[in-house]
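Each chain is listed here by its residues.
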Amino acid sequence: MRAFRIDGRPAAPRVFALPRHVAGPLAVLAITVVAAGCGSTSASTPKTAAGSATPSSANLLGAAYDTSTPAQVTLNGAGANSIEPFFETVFYQYNQKNPNTTVNYSPAGSSVGVTDIQQGTVAFGDSEIPMTASQLAAATGGTVLQIPVDLGGVAISYNVPGVTKSIDLDGPTLAGIFDGSITNWDDPAIAALNPGVTLPNLAIKAVHRADSSGPGYDLDQYLIDTAPAWVTAIGTSTPSRTWPEASVGIGEQLNTGVATYISQTSGSIGFVEYGYALQNGFVNAAVKNSAGSFVAPTEASIAAAGAKATSLSPTDFNVVNEAGSGTYPIANFSWTLVYQKQTDTNTGIALGKLFDWVITSGQEDAASLGYAPLPSNVVTLAHNTILELESSTGTPLFSNGA
Amino acid sequence: MSPDAVSGLAGAWPAGRVRRALLRKRSRFGDGAYSALRWAGAGLFGAVVLGLLVGIGSDSSAAFAHSGVGFIWSGTWNPAAGQYGAGILVLDTLLTTAVAMVLMVPIGLGTAVFLSELAPRWLAGPLSTLIGLLAAIPSIVVGLWGLLVLTPIFANQVEPFLASVPALGWLFRGEAYGPSILLASVVLAVMTLPTMVSLSRSAFGGVPLADREAALALGATRWQVVRRAVFPAARAGVSAAVTLAVGRALGESIAVAMVIGNRPAIPESLTTPGATLGSAIVNQFAEASPGIGTSSVIALGAVLLILTVLVNAGGQALLRSGSGSQAHTAGALR
Amino acid sequence: MGRVFQGLCVVAMVAAVAPLVALVYYTVTRGVSTLSWAFLTHAPTPPFIPGGGISTAITGTAEIVGLAIVLAIPTSLLAALFLFERSGKLAAALRFSADVLTGVPSIIIGIFAYAVLVLPLHQFSTLAAAFALAVLMLPIMIRADEEAMRTIALDLWEAGIALGARRGRVARSVVLRGALPDLVTGNLLAIARAAGETAPLLFTLATPLAAMTLLIYTDGTQAFPSAQRTAWATALVLLSFVLLLSVAARLVAWRISRRAH
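Computed from a predicted model, the values in this text were never measured in an experiment.

### Structural notes on the overall build of chain B
Right, on to step 1. The helix and strand inventory of chain B stands at 14 helices and 2 strands.
Right, on to step 2. Buried positions account for 56% of the 334 residues belonging to chain B.
Right, on to step 3. Across chain B, every contact between residues at least 6 apart in sequence was considered, and the portion connecting residues at least 24 apart equals 73%.
Right, on to step 4. On chain B, roughly 13000 Å² of surface is accessible, and the fraction owed to carbon and sulfur atoms is 67%.

Below, the structure written as structure tokens:
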């Protein structure tokens, strides 16, 4: 052992005297253990001991409702792109009222929302189509509650120079456009529905969703209901989240991708959530509903579709192609997904209060954003679903104050 | 003690194994802590490498078990219908990379020749710094530019024009959507250009001055010097440059996802939208259904990983055969 | 022939510089009008509520990159010292792995980070994102560090050992100090590269507002002009930051070469 250092001063006593061949691997082990033990530095929910806080009977929802929550909570959510304009606005407003609750929402698509809630990596998900039985079975945290939170429509938007008003389109014509049999804007099929409109000789560039989507599912359902040629072309009469005619036209990610493409490309036509079409100032087609009327998407026509959902539930959710002179035929509710058993009580309370606010006061902004307010029977369904939230020990988190 | 005296002293020591043995014996005392730290660093890195390979391998094994090895080259990628085949994605990946190289290599080589052989020194320095800065531009910014600036130009002007060119028009036939294999290739060419230029320049710079002077003395013109004296000697380095550029192009995912149009079907022409391994992972990983779905997307990653590792290993080997010290710059300047 | 050849090379040069000029031009012209002190310091707001900014993205990127640096630099320095001082099969294998790992697509590193830190812990986090970036930087830093040590400090190291100093002491006082400028250059370039990455963050962060690159991706793909303007402005901020780092790295390298004369 050396008693002095290179510059002549006495050495400090050695404290770490392991022989080399042990010291090395031991250090590796030590560092691995320390690294694994370090908690993550995420902005996610604070962890309280499971079930330690007994739910307060003062957590009322409904008439005696208040927005205050006991603890600072950050809720991370992911899901439908279609609901993003609505969610972004209402979450911001809710945070103004209740600074204790911060919400982050990642509008990566309905399927991402489903996957994330199945894996438990988010506090809530959102999907334009409710989860199927097999998807529910694959959820790792138990029963998933599905809460309808908004009512929106799917616009058929297009960018055709010279055509500044809504044109009329029906199921078979739309099917032709999206399966590639109608390739030009001056096709006789389109002209027949729109006498008096000058349609240019311009190639149709059809854009669809490259990812799984609610709007795609709804349009698929509509075309299955109204166009036998579509059913033949896709070979099934079950609608699918993934657009079935993926080799026709161009695929873009999310409503945002489709909207960008439509706004940039002359001759394009595609389907987007009406909220996006409204905010981009797109021209939308008036689509034929089952009563034979050609109806363009507006708050009123979407609301009329939602009003038909008299027995709405996660297994009976279809409001596509409803009848009525003013009913828009391509509409759907959006479903928020939360686990019934909340392992962290504070998170559960924050979630419940947030969404009870969203389905009531939050609906005031729906119309201006391109959605329609929820019909009262749906509000009741949503409210009752939220009341099913319970703590990890099975105690309900809320009492009904309504 | 001055460094010179010390190094003189060091030079007097016996060389090679004997010296190493002597040194080892001297420093066994008192180095436990330092040695432990060194092992820790190396061990952590080794753990990361192993973890990455093992993790990707095991997470994708379910997909390979389900679809067999044919997953790599067989047809349809249609997760909704339960069809998991990477064939078209691999095709599009190779195609975009190939077209990108066709566009980029002549330009990169010509630029490197200009900077190293033709340009006056006061110009070569700033210009090469400029090209080097292109390497620093984040791929998302290039993708943004491609999406918002290039796409309308391609859809409305470039692609229709190319389709009308007499001899080559058939390559660009079909509907001019904008997002396409061609556009993705252009974006990849822009991103791999700096690598090509800097590595080629190093390769040219490594050619001994004597070779050039010999050629000049024999009466060669500048072009002949380059062609006969410089190119042959720099062959390994230039090959390394191209190979590493290919490796970079294969792995680029975000920028490609923004401009390729996401259509996993056999492309009819270069102006058709497509989908590469990288773009498919970007778009579909988060929404893949847990189980076979996620495993198949990770399997796409495994295929991509194998491709890029092979190409990059080849490129690094070529670099080493050319000149060892370029190896680290390749990593930093990607 | 010579003239044609020279002409072609000049054309190639122009074609190479043109995209760079175009990129910077568009980013600056489309982004600068949205840029303001308020934009940089305010948190984001929903699309039609004015007064929003990108402060969360800027601080988020700083946090993630900072944490990644803390994770990567000590590890890479120690691993580089390991490779520098040792020979043999293990060192050769590690060196080869580092070379090969520099070429791994960043999206795969993102998947790795998701599998290791997001899925088991059931949450997206800054740590997962930082881990992904650290894994990205590690091989680049290790190889750059080792090369720096070999070219600058090999003789000095041998001298130090010959004088009987402990290896740790030699490493600290001689190798690291001697190769410091090169180490700084190499590491700064790696950090600049990591700061501009998007793919590793895609699967590890809870919200696109947590990092500039992710924000550019989500806002840039929106059809709203306001969102696209935000994307350009954020791209300008990111570009400036990354270019600054690269220029700083080159300045350091230039100063060494000056000092050496």
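### Quick word on the overall build of chain A
Right, on to step 1. Scanning chain A from terminus to terminus reveals 14 helices and 16 strands.
Right, on to step 2. A total of 402 residues make up chain A; the buried ones form 55% of that total.
Right, on to step 3. Once local pairs closer than 6 in sequence are excluded, the contacts in chain A between residues at least 24 apart make up 76%.

### So, unusual backbone geometry
Right, on to step 1. Despite not being glycine, L254(A) shows a phi value in the positive range, around 60 degrees.
Right, on to step 2. As for its placement among the helices and strands, L254(A) is situated in helix α9 (residues 254-264).
Right, on to step 3. Among the residues examined, L254(A) registers a relative accessible area of 14% and is labelled buried.
Right, on to step 4. Even without a glycine there, the phi angle at N262(B) is positive, about 50 degrees.
Right, on to step 5. Looking at the element boundaries, N262(B) is found in the loop between α11 (254-259) and α12 (277-284).

### Quick look at the packing of aromatic side chains
All names here are of chain A.
Right, on to step 1. Tallied over the full model, the rule gives 28 aromatic pairs over all chains.
Right, on to step 2. Each ring, one from Y105 and one from F124, has its centre 6.1 Å from the other, and the planes form 5 degrees; the classification is stacked. One end of the pair, Y105, is in strand β3 (residues 101-106); the other, F124, is in strand β4 (residues 124-127), and 19 residues separate them in sequence.
Right, on to step 3. Exposure remark for Y105: the relative accessible area of 11% places this residue in the buried category.
Right, on to step 4. A residue is classified by how much of its surface remains accessible, and F124, at 0% relative accessible area, is buried.
Right, on to step 5. Pairwise contacts between aromatic rings join F86, F87, F91, Y105, F124, F355 and Y371 into one cluster.

### Observations regarding the pairing of β4(A)
Residue and element names in this part refer to chain A.
Right, on to step 1. Neither face of β4 is left uncovered, since the one carrying F124 and D126 and the one carrying G125 and S127 both have all their residues buried.
Right, on to step 2. As paired elements, strand β2 (residues 73-79) and β4 share 3 bridges and run parallel to each other. Paired with G79 across the bridge in β4 is D126.

### Some thoughts on the domain arrangement of chain A
By convention, interface size is frequently given as the accessible area that disappears when the constituent parts associate.
Residue and element names in this part refer to chain A.
Right, on to step 1. For chain A, the assigned domains are domain 1 (14-150 + 334-399) and domain 2 (153-331).
Right, on to step 2. Counting residues at the interface gives 29 residues for domain 1 and 28 residues for domain 2.
Right, on to step 3. Across the domain 1/domain 2 interface, buried area totals approximately 2100 Å², and carbon plus sulfur atoms make up 58% of it.
Right, on to step 4. The interface formed by domain 1 and domain 2 includes 0 salt bridges.

### Focus: the pattern of salt bridges
Right, on to step 1. Scanning all chains against the criterion turns up 11 salt bridges over all chains.
Right, on to step 2. For E390(A), the salt bridge is made with K341(A), and the minimal N-O distance between the two is 2.9 Å. Of this pair, E390(A) sits in strand β15 (residues 390-391) while K341(A) sits in strand β14 (residues 341-342), and the two are 49 residues apart along the sequence.
Right, on to step 3. On the basis of relative accessibility, which here comes to 16%, the residue E390(A) falls in the buried class.
Right, on to step 4. The exposure class assigned to K341(A) is partly exposed, which follows from its relative accessible area of 40%.
Right, on to step 5. D99(C) is the partner of R143(C) in a salt bridge, and the nearest nitrogen-oxygen pair spans 2.7 Å. With R143(C) in helix α6 (residues 126-162) and D99(C) in helix α4 (residues 89-101), the pair connects residues that are 44 residues apart, well separated along the chain. Neither residue differs from the other here; R143(C) and D99(C) are each classed as buried.
Right, on to step 6. Taken together, the salt bridges that share partners define one network made up of R95(C), D99(C), R143(C), E146(C), E147(C) and R150(C).

### With respect to helix α7 (residues 167-195) of chain C
Right, on to step 1. For α7(C), which comprises 29 residues, the first-to-last C-alpha distance of 34 Å sits more than 12% below the rise-based estimate of 42 Å (1.5 Å per residue).
Right, on to step 2. L180(C) marks where α7(C) bends most, by close to 65 degrees; the proline P181(C) follows one to four residues later.

### Quick look at the interface of chain B and chain C
Right, on to step 1. Contacts between the two partners involve 87 residues from chain B and, on the opposite side, 85 residues from chain C.
Right, on to step 2. Taken together, the two surfaces of chain B and chain C that pack against each other cover about 7700 Å², and 79% of this comes from carbon and sulfur.
Right, on to step 3. Three residues, R38(B), F45(B) and W223(B), lead the burial of chain B against chain C; their summed loss comes to 10% of the area buried on that side.
Right, on to step 4. One can count 1 salt bridge joining chain B with chain C.
Right, on to step 5. Close ionic contact of E85(C) with R38(B) constitutes a salt bridge, the shortest N to O distance being 2.2 Å.
Right, on to step 6. Inspection of the region where chain B meets chain C yields 4 residue pairs in polar contact (both at pLDDT 80 or more).
Right, on to step 7. Along the lines of polarity and charge, the residues of the side of chain B that touches chain C split into 58 nonpolar, 21 polar and 8 charged.

### What to know about helix α10 (residues 235-251) of chain B
Residues and elements named next belong to chain B.
Right, on to step 1. Helix length check: α10 (17 residues) gives 25 Å between terminal C-alpha atoms against 24 Å at 1.5 Å per residue, within 8%.
Right, on to step 2. Where burial is concerned, most of α10 is hidden: 12 out of the 17 residues are buried.
Right, on to step 3. Along α10, the residues classified as buried are G237, V238, A240, A241, T243, L244, A245, G247, R248, A249, L250 and G251.

### Structural notes on the confidence of the model for chain A
Close inspection of predicted coordinates is inappropriate in any region flagged by low pLDDT.
Right, on to step 1. Averaged over chain A, the pLDDT score is 84; the fraction of residues at 70 or greater is 85%.
Right, on to step 2. Throughout residues 1-55 of chain A the model reports pLDDT below 50, and contacts reaching past four residues in sequence, or to other chains, amount to 75 contacts.

### Side note on the sheet that holds strand β11 (residues 286-288) of chain A
All names here are of chain A.
Right, on to step 1. In spatial order, the strands read β6-β11-β12; together these 3 strands make up an open sheet with mixed pairing. Because the sheet does not close on itself, it has two edges, and the strands there are β6 (168-169) and β12 (294-295).
Right, on to step 2. When β11 meets β12, the two strands line up antiparallel, connected through 2 bridges. Across the sheet, the residue bridging to V287 is V295, located in β12.

### Re the confidence of the model for chain B
All names here are of chain B.
Right, on to step 1. Mean pLDDT over chain B stands at 83; residues scoring 70 or higher make up 87%.
Right, on to step 2. In this model, residues 1-11 is a region of pLDDT below 50 whose contacts with residues beyond four sequence positions or in other chains number 8 contacts.
Right, on to step 3. This stretch, residues 324-334, has a pLDDT under 50; its non-local contacts, to residues over four places away or in other chains, come to 33 contacts.
Right, on to step 4. Model confidence for the complex: the whole-complex pTM is 0.83, and ipTM, which rates the interface, is 0.91.

### Notes on the packing of helix α8 (residues 209-217) of chain B against helix α9 (residues 222-233) of chain B
Working note: a packed helix pair is described by the angle between its axes plus the distance between those axes.
Residues and elements named next belong to chain B.
Right, on to step 1. In contact at an axis separation of 9 Å, α8 and α9 are set at 140 degrees when each is read in the N-to-C sense. If you check the angle between α8 and α9, you find them oblique. At the point where α8 passes α9, the crossing takes the right-handed sense. The segment α8 lies against α9, with D211, R212, A215 and L216 engaging V225, A229 and V230.
Right, on to step 2. Looking at the contact of α8 with α9, its residues break down into 5 nonpolar, no polar and 2 charged.

Calculation rules
- Residues numbered from 1 in each chain as written.
- Chains lettered and ligands numbered in written order.
- Predicted model: local features only at pLDDT ≥ 70, side-chain atom pairs only at ≥ 80, totals over all residues.
- Heavy atoms only, no water.
- Helix = DSSP H or I, 4+ residues; strand = E, 2+ residues; numbered from the N terminus.
- Buried < 20%, exposed > 50% of the residue type's maximum accessible area, 1.4 Å probe, protein only.
- Contact = heavy atoms within 4.5 Å.
- Areas by Shrake-Rupley, 256 points an atom, 1.4 Å probe, with all protein chains shown as cover.
- Phe/Tyr/Trp six-rings, centres within 6.5 Å; stacked < 30°, edge-to-face > 60°.
- Pairing = 2+ DSSP bridges.
- Domains from an automatic or database assignment.
- Buried area = accessible area lost by both parts, 1.4 Å probe.
- Salt bridge = Lys/Arg side-chain N within 4 Å of Asp/Glu carboxyl O.
- Expected span 1.5 Å × (residues − 1).
- Bend = angle between axes of the 7 residues up to and from the residue.
- Polar contact = N/O pair within 3.5 Å; in protein donor to acceptor, adjacent residues only side chain to side chain.
- Nonpolar A, V, L, I, M, F, W, Y, C, P; charged D, E, K, R; others polar.
- pLDDT = per-residue confidence, 0-100.
- Axes fitted to C-alpha atoms, helices over the stretch in contact; angles between N-to-C directions.
- Parallel < 35°, antiparallel > 145°, perpendicular 65-115°, else oblique.
- Left-handed = near helix turned anticlockwise from the far one by under 90°.

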